[in-house]
Amino acid sequence: MNYSIETNDLTKKFGPYTAVDHINVGVQAGEIFGFLGANGAGKTTAIRMLCGLLTPTSGSGHVAGFDIMKETAKIRTRIGYMSQKFSLYPDLVVRDNLKLFGSLYGLNKRDLAARMDEMSAFLGLTDLLPRITGSLPWGWQQRLSLACANLHKPQILFLDEPTGSVDPVSRRNFWDLIQLLSAQGTTIFVTTHHMDEAEYCHRISIMISGKIAAMDSPQALKKKHNCETLLEAFLAIVEGGNR
Amino acid sequence: MSIHNSLGTGAASRPGARFSNPRIRALIRKEVWHIMRDWQTLLIVLAMPVFMMFLYGYALDVNINDVEVMVEDPSPTPETAQLIRAIDHSSLFKVKGVVNSVGNPDDIFKKRHVKALFRLSPSFTRDLLRPGSPASIQVLIDGSDQNLGTVLRNVTEPFLQKTTLSLLNVPVPVTIDVRQTILYNPQQKSALYFVPGLMVIILMMISALLTSLTITREKEQGSLEQMLVSPIRPAEILIGKIAPYVVLAAIDGALILLVGYFVFGVSISGSLTLLSVASLIYIFAALSLGLLISTISKKQEHAMLIVLPATVLPTVLLSGFIFPIASLPVWLQLLSMAIPATYFLEIIRGIILKGVGLAELWRPMLVLGSMGLFLLAVSVRKFRVKA
C-alpha cells in the first residue's frame, strides 16, 4: 500500500529523554489523521521530524513518498505546515503575508494572484486583505495561517494544534474547511487535545510518553472501550497506559 | 553588488547559481516592509550617527585650554605680578585667584574648582634675581582627572621655565634643537580623529545589532520555522534578511562622511571608491558577526546583551580608537588583532588622513574579508544544523 505519510520505528531522543519512541504510522492520501495525547507526549516532536525541522535519532519515515532523512527539499515543496504558535508577520498586512509565503514556495506572479483570490474566497478573507495581520481576531489569524500553508496546493497539511485558543464557533468553521480540503484529496495530519476535534478525524492515534498506545477510527475506539464519548475512551486508554 | 556576490559564493558550497532569486527578492521586499513600518527604529538608525557626531565633535576636544589654577604668592613683588599675568595670559592656564596664603591646600581643591595650585616660595623674587640660587615654585596638581593630571604634569615645568626666562630677558639656552612637525593632521583637529573612529563604531553597531535582532525576532515569532519548512534554503534566508541592512549601514556610512565633510571639514585625502569598497567589506564582516550572534541567541534580549560586550565594547576600546594598541597589555593586543574594527580603523585612517591606496591597504582588507567569510560560514553552518 502506498501511504502519504509512513514511519517505521521513528525515534527522537533529547539526551537521555526519549520524546518519540519507535512510532509506526501509515496515513493514506486524503485522510484526516489525528494525533492525540497529553502535553509533552511527543506529538509536536513527531510532526517536526516529519516536516524536516528535526532530525530523527533512529528509524525512518516517508512523506509524500520521500525519505525524511535525505529528501527534505523535495518534501518541503509538497507539504504545508501550521505550527501551534501563530507564526506569520503581525506587522504586515494580510495580503503581504500571503504574497511572501506564496513567493517562498516559488509561485509566479500570475499563479500567486490566482491562488490568493481562490484561497481568500475559500476562507472568507477577501475583505481582510488590506488589514494589518496583528489586528485580526485569533480565529481569523488562524485562517490566514491555513491560507498561507495551503497556497501552493500541498499534498499534505501538517497542523500542530491549529485551534489552540480559538472560540468554539471559529473552531467549527475551521474544521469545516479542513474537511473540505480532505475531500479534495489533501492529506491532513493534525495534532490536538480537543476531543470534539478528534471526532472529525477519520483515524486517530493516541500517544502516551512517546509511544502510540492506540490507533483506530474514533467509532472503533469508543466501541472497543465501551464508552459513550471519545473523551471517556481517551481517558481509559491513557489510564490503561499509565498503569 | 560585490557584497551580494561574495555572500552568494560564501554561503553556498556550490556557486551562486543555486540561489533562486524570486524567493530572495520576496524576502528582501518583506524585510523592507518591516523596516518601513517600524519607522521609529529607522529614525534612530539614521539620526543616531548624526547625533553621535555632534556629541563627539563638540564634547571630545583633546586639546587642553584655559585650565583654572590658583597662585599662592606670599611676598608679592612686581616680578611675581608679571609672572602671574604671564600665566593668566597663556592659552594653557587661567588664573582664578591669587592669595597670600592658602592654609590647607586640600581645601582649595575641594572647595574651589581649580586643577592646579602654584605656590611661589616666600623668597621667590630674591632667589630669581640672585644668580646661583634657583627660585622655587611648588606645583600641586589635581590627579582625580587622570588624563588632565598627566598633561599638566608634562607641560607645567617647561612652561614655567620658559615664561620665567623670557621675563628676565634671558634667551632660552639651546642644547638640542628639536623641531616637531605633525603630519597628516597638522592642526591636530579632533574631527580628523573621531570621524573615522565613529564610522568604525557606528557601522559595527548598526550592522551587528540590527541583523542579530531581526533574525532572533523571526525565531521568537516562529516565522523562521515557517520559512524553514518552505523550500527556501537557509543561506537564501540569511541573504534575504541581511541584504537590506547592508544598504542601511551603507547609508549611515555615507551620512557620517557627509556630516564629517560639511560640518567638521573632514575631507578624504585618498580614494572615495576604495573607502566605499572597504566599508562594504567591513559591513559584511559586522553583519556576519551579527548573524553568528543570532544563531546562538533565542531571544532579542539575549542578542542585545551579547552584541554590546561582543562587538561594541571591543570596537570602542580595543580597535585603537581610544587607546593606542601598542600601549595595551599583550593579551589585549592579541584580542585587538581578532576584531574587525582594528583593521577597518587602520584602513579608514589611512584613506581619510594619509591618502594611502590599495598597495598599502590590501592586507587589512584581505583580513577583514576573510573574517567576514569565516563568520558567515560558521553562522550558515550553525543555522542549518537541526536540533
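Values in this document were obtained by computation on a predicted structure and should not be read as measured data.

Here we look at the overall build of chain B
Okay, so step 1: On a plain count of helices and strands, chain B comes out with 15 helices and 4 strands.
Okay, so step 2: The C-alpha atoms of chain B give a radius of gyration of 28 Å, which is well past the 21 Å a tight globule of 387 residues would have.
Okay, so step 3: Based on the C-alpha atoms only, the size of chain B along its principal axes is roughly 95 × 45 × 40 Å.
Okay, so step 4: The 387 residues of chain B split such that 36% are buried.
Okay, so step 5: When contacts within chain B are restricted to residue pairs at least 6 apart in sequence, those whose partners lie at least 24 apart make up 78%.

Here's the deal with the overall build of chain A
Okay, so step 1: Assigned secondary structure in chain A consists of 9 helices and 11 strands.
Okay, so step 2: Taken over C-alpha atoms, the radius of gyration comes to 18 Å for chain A, in line with the 18 Å a tight globule of 243 residues would show.
Okay, so step 3: Its C-alpha atoms put chain A at 55 × 40 × 35 Å along the principal axes.
Okay, so step 4: Burial statistics for chain A: of 243 residues in total, 49% are counted as buried.

Observations regarding unusual backbone geometry
Okay, so step 1: The backbone phi angle of Ala64 of chain A is positive, close to 55°, even though this residue is not glycine.
Okay, so step 2: Looking at the secondary structure, you find Ala64 of chain A in the loop between β5 (58-63) and β6 (66-67).
Okay, so step 3: Its identity is not glycine, yet Asn169 of chain B carries a phi of approximately 60°, on the positive side.

Some words on the interface of chain B and chain A
Accessible area lost upon the coming together of the parts serves often as the stated size of an interface.
Okay, so step 1: Each side of the interface is counted separately: chain B has 21 residues, and chain A has 22 residues.
Okay, so step 2: Breaking the side of chain B that touches chain A down by element, the ones donating at least two residues are α2 (21-37) and α9 (223-228) of chain B.
Okay, so step 3: Looking at the side of chain B that touches chain A, the element that brings in the most residues is α2 of chain B, giving 7 residues.
Okay, so step 4: By residue class, the composition of the side of chain B that touches chain A is 9 nonpolar, 7 polar and 5 charged.

Let's talk about the domain arrangement of chain B
Okay, so step 1: With domains assigned, chain B is organised as domain 1 (2-60 + 188-384) and domain 2 (67-167).
Okay, so step 2: The centre of domain 1 of chain B, based on its C-alpha atoms, is set 50 Å off from the matching centre of domain 2 of chain B.

Looking at the pairing of strand β7 (residues 79-82) of chain A
Residue and element names in this part refer to chain A.
Okay, so step 1: The alternating pattern of β7 places Ile79 and Tyr81 on one face and Gly80 and Met82 on the opposite face, and all of these are buried.
Okay, so step 2: Pairing of β7 with strand β8 (residues 156-160), which is carried by 4 bridges, proceeds in the parallel orientation. In the sheet register, Ile79 faces β8, and the bridge partner there is Ile156.

Side note on the sheet that holds strand β11 (residues 211-216) of chain A
Residues and elements named next belong to chain A.
Okay, so step 1: With mixed pairing, the 6 strands of this open sheet are ordered in space as β7-β8-β9-β4-β10-β11. Of all the strands in the sheet, the pair left with one neighbour each is β7 and β11. On average, each strand axis in the sheet is tilted by 15° relative to the strand beside it, whichever way the strands run.
Okay, so step 2: Inspection of the sheet shows strand β4 (residues 32-37) paired to strand β10 (residues 203-208) by 5 bridges, in the parallel sense. Within β10, the residue paired with Leu36 across the bridge is Ile206.
Okay, so step 3: Contacting β7 and β8, helix α5 (residues 138-150) runs over the sheet at an angle of about 160° to β7.

Details of the packing of α2 of chain B against helix α10 (residues 234-262) of chain B
Helices that pack against each other are described as a pair by the angle of their axes relative to one another and the distance between those axes.
Residue and element names in this part refer to chain B.
Okay, so step 1: In the contact formed by α2 and α10, the axes pass within 8 Å of each other and the chain directions differ by 40°. If you check the angle between α2 and α10, you find them oblique. In this structure, α2 crosses over α10, and the sense of that crossing is right-handed. Along the contact surface, α2 presents Arg23, Ile24, Leu27, Ile28, Glu31, Val32 and Ile35, while α10 presents Glu236, Ile237, Ile239, Gly240, Lys241, Ala243 and Pro244.
Okay, so step 2: When the residues that make up the contact of α2 with α10 are grouped by side-chain class, the tally is 9 nonpolar, 1 polar and 4 charged.

Some points on the nonpolar core
Okay, so step 1: Ranked by internal contacts, the top residues of the largest apolar core, which has 143 residues, are Phe158 and Phe189 of chain A together with Val200, Leu203 and Phe344 of chain B.
Okay, so step 2: At 18 residues, helix α8 (residues 191-221) of chain B tops the list of elements feeding residues into this core.
Okay, so step 3: The contact partners of Phe189 of chain A, leaving out residues within four places of it in the chain, are Ile5, Val27, Phe33, Phe35, Ile47, Ile156 and Phe158 of chain A.
Okay, so step 4: Val71, Leu117, Leu120 and Leu128 of chain B belong to the second largest nonpolar core, which has 16 residues in total.

Remarks on α8 of chain B
Residue and element names in this part refer to chain B.
Okay, so step 1: In a regular helix each residue adds 1.5 Å, so 31 residues correspond to 45 Å; α8 covers 43 Å between its end C-alpha atoms and thus fits that length.
Okay, so step 2: Most of α8 sits out of view: 26 of its 31 residues are buried.
Okay, so step 3: Taken from the residues just after α8, Gly222 is the one with a positive phi, measuring 85°.

Comments concerning the sheet that holds strand β2 (residues 93-99) of chain B
Backbone hydrogen bonds are what pair the strands of a sheet, in a parallel or an antiparallel way.
Residue and element names in this part refer to chain B.
Okay, so step 1: The strand order across the open sheet built from 4 strands is β2-β1-β3-β4, with neighbouring strands paired in mixed fashion. Only two strands of the sheet have a single neighbouring strand rather than two, namely β2 and β4 (137-141). The average undirected angle you get between the axes of adjacent strands in this sheet is 25°.
Okay, so step 2: Relative to β2, strand β1 (residues 67-72) runs parallel, the two being bridged by 6 bridges.

Reading the values: the criteria
- Residues numbered from 1 in each chain as written.
- Chains lettered and ligands numbered in written order.
- Predicted model: local features only at pLDDT ≥ 70, side-chain atom pairs only at ≥ 80, totals over all residues.
- Helix = DSSP H or I, 4+ residues; strand = E, 2+ residues; numbered from the N terminus.
- Rg over C-alpha atoms; globule rule 2.2 N^0.38 Å.
- Buried ≥ 20, exposed ≤ 12 C-beta atoms within 10 Å, placed from the backbone.
- Contact = placed C-beta atoms within 7 Å.
- Nonpolar A, V, L, I, M, F, W, Y, C, P; charged D, E, K, R; others polar.
- Domains from an automatic or database assignment.
- Pairing = 2+ DSSP bridges.
- Axes fitted to C-alpha atoms, helices over the stretch in contact; angles between N-to-C directions.
- Parallel < 35°, antiparallel > 145°, perpendicular 65-115°, else oblique.
- Left-handed = near helix turned anticlockwise from the far one by under 90°.
- Core = buried A, V, L, I, M, F, W, Y, C linked by C-beta atoms within 7 Å.
- Expected span 1.5 Å × (residues − 1).

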